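Notes for the structure review
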Amino acid sequence: MKEAMHEYGFLLSIAIILLSTKFLGLLTQKFKMPQVVGALIAGLLLGPAVFDIIRDDSMSFINNVSEIGVIVLMFAAGLETDIHELKKTGGPSLLIAVLGVLFPIVGGFGIAYLFNDGNGTDTSLFLQNMFIGVILTATSVSITVETLKELGKLSSKSGNAILGAALIDDILGIIALTIITSLASPKSGNIAFVLIKIAGFFVIGSLACIGFHIFMKKWCSNKGKDLRRYVVASFVFCLLMSFSAEVFFGVADITGAFFAGVAISNTPRCKYITSRFDTLSYLLLSPVFFASIGLKVVLPKMTGEIIIFTILLVIVALITKIIGCGLGAKLCKFSNKNSIRIGIGMISRGEVALIVANKGEALGLMNTDFFGPIVIMVVFTTIITPILLKLAYKTKSVPELEIADAASST
């Protein structure tokens, strides 16, 4: 009996996750908050931070499903992206991402400089402090994407700007992480080689997406009755792009998934493909993914000084993204409302920051006392982002004439 429970316990865990995420999602919706907030809270309640209901023997399966979940989520975001609007916001997205990386690095370094005593690690204090800044550069766009989908704003100009900036932010974060880890440990990798691989992804990935887009436009024009083949082919391309991005180029798999979605957008069967993936995501993948973020949270014991550091870290995490990304948007002639929306949309650190923090701790780049505050910062920014986005989009807005006329006339 115990052996069977151990072997098939993941089935019970998935059932509990689906039930709790839906219940709490509907509950948060009653309070006029996005359902994704309920899913995140469900993960926290089910995990070791609160009731510890989901055990370790199920986590391997849950982690794999959640990884597919975030890939499908970003693939669906690509499917719903207006490529013409994305092109218009390409330049602004770059500036937004750059400032959205610089401000958190400076803020994170500053707050770490005030509190960090090294905690016995051999790595220089300068690199340790810089690493806290690198952690704060992370952006988990999956939370924002799900919220924007619920609000019907994913394809808006501000939504496209957030998507573009978050993807560029991911690349800049990889570069920053590589530089810091290379300085701390020469074995971590050659900076120039990493930059060449990233550039190679954009070149080869873009060519692959253009080729697949042309293929899909011709293939989907056939009047076949079986539409499922298009869904299968699209998913295969998505998984191959995700695998290639992560394994061959060192770029996040979600970036490859988003590229794959953009490649299929505006093809004849795009709406049908999108509807199939929405069903798959809603039924299993998205609830498991969002719950998994909370399931990974472990809150350690903290001293009074660390509690003060935690509060300041959370404040810095919020302010640096809002000001940095918001300022970038404002410089690109976005309206005040949409500049704030873009800044808020970049707040969530999610699982990305946890992955970076784990890597830094393993390399001795981070004071171990800081791991608890970082976990709390991740949890807080992940939950607060959809709530703030809901408030930011609540007021009626004028037509989004964010980009200057001069930019559109060039």
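Presented here is a report on the structure given in the accompanying data block. Owing to the predicted nature of the structure, the values given are computational and were not obtained by experimental measurement.

Analysis parameters
- Residues numbered from 1 in each chain as written.
- Predicted model: local features only at pLDDT ≥ 70, side-chain atom pairs only at ≥ 80, totals over all residues.
- Heavy atoms only, no water.
- Axes fitted to C-alpha atoms, helices over the stretch in contact; angles between N-to-C directions.
- Helix = DSSP H or I, 4+ residues; strand = E, 2+ residues; numbered from the N terminus.
- Left-handed = near helix turned anticlockwise from the far one by under 90°.
- Contact = heavy atoms within 4.5 Å.
- Nonpolar A, V, L, I, M, F, W, Y, C, P; charged D, E, K, R; others polar.
- Core = buried A, V, L, I, M, F, W, Y, C linked by side-chain atoms within 4.5 Å.
- Buried < 20%, exposed > 50% of the residue type's maximum accessible area, 1.4 Å probe, protein only.
- Salt bridge = Lys/Arg side-chain N within 4 Å of Asp/Glu carboxyl O.
- Phe/Tyr/Trp six-rings, centres within 6.5 Å; stacked < 30°, edge-to-face > 60°.
- Expected span 1.5 Å × (residues − 1).

1. Description of the packing of helix α3 (residues 56-79) against helix α11 (residues 253-264)
Put simply, α3 and α11 touch, their axes get as near as 7 Å, and they point 35° apart. As for the relative orientation of α3 and α11, their crossing is right-handed in sense. Residue-level inspection shows E67, V70, I71, M74, F75, A77, G78 and L79 of α3 in contact with α11, the latter providing D253, I254, A257, F258, A260, G261, V262 and I264. Residues belonging to the contact of α3 with α11 are distributed by class as follows: 12 nonpolar, 2 polar and 2 charged.

2. What about the nonpolar core?
In summary, soluble globular proteins display a tendency toward joint burial of nonpolar side chains. The biggest cluster of nonpolar side chains holds 120 residues, and the ones touching the most others in it are M74, I135, M366, I374 and M377. Those residues in contact with M74 that sit more than four places away from it in its chain are V141, V145, L163, L167, I254, A257 and F258.

3. Quick notes on the pattern of salt bridges
Scanning all chains against the criterion turns up 2 salt bridges. K149 serves as the salt-bridge partner of D278, at 3.5 Å between the closest nitrogen and oxygen. On the criterion of sequence distance, the pair formed by D278 in helix α12 (residues 270-295) and K149 in helix α7 (residues 141-151) is long-range, its members being 129 residues apart. One salt bridge connects K321 with D169, and the closest N-O pair in it is separated by 2.8 Å. Here D169 lies in helix α8 (residues 157-184) and K321 lies in helix α13 (residues 304-331), a separation of 152 residues in the sequence.

4. Brief notes about the environment of L195
Mapped onto the fold, L195 is located in helix α9 (residues 191-219). By relative accessible area, which is 38% here, L195 ends up partly exposed. On a C-alpha basis, the gap between L195 and I175 in space is 7.2 Å, while along the polypeptide they are 20 residues apart.

5. Structural notes on the packing of aromatic side chains
Applying the stated criterion across every chain, the model contains 17 aromatic pairs. Between F212 and F237 the ring centres are 3.9 Å apart and the planes differ by 5°, which places this aromatic pair in the stacked class. Taken together, the residues span a long stretch of sequence, with F212 in helix α9 and F237 in helix α10 (residues 228-248) at a distance of 25 residues. Overall, the relative accessible area of 13% leaves F212 in the buried class. Centroid distance F309 to F370: 4.3 Å. Interplanar angle 15°. Geometry classified as stacked.

6. A look at helix α6 (residues 125-137)
When the terminal C-alpha atoms of α6 are compared, their 19 Å separation across 13 residues agrees well with the 18 Å that a helix rising 1.5 Å per residue should span. α6 sits mainly inside the fold: 11 of its 13 residues count as buried. Those residues of α6 not exposed but buried are L127, Q128, N129, M130, F131, I132, G133, V134, I135, L136 and T137.

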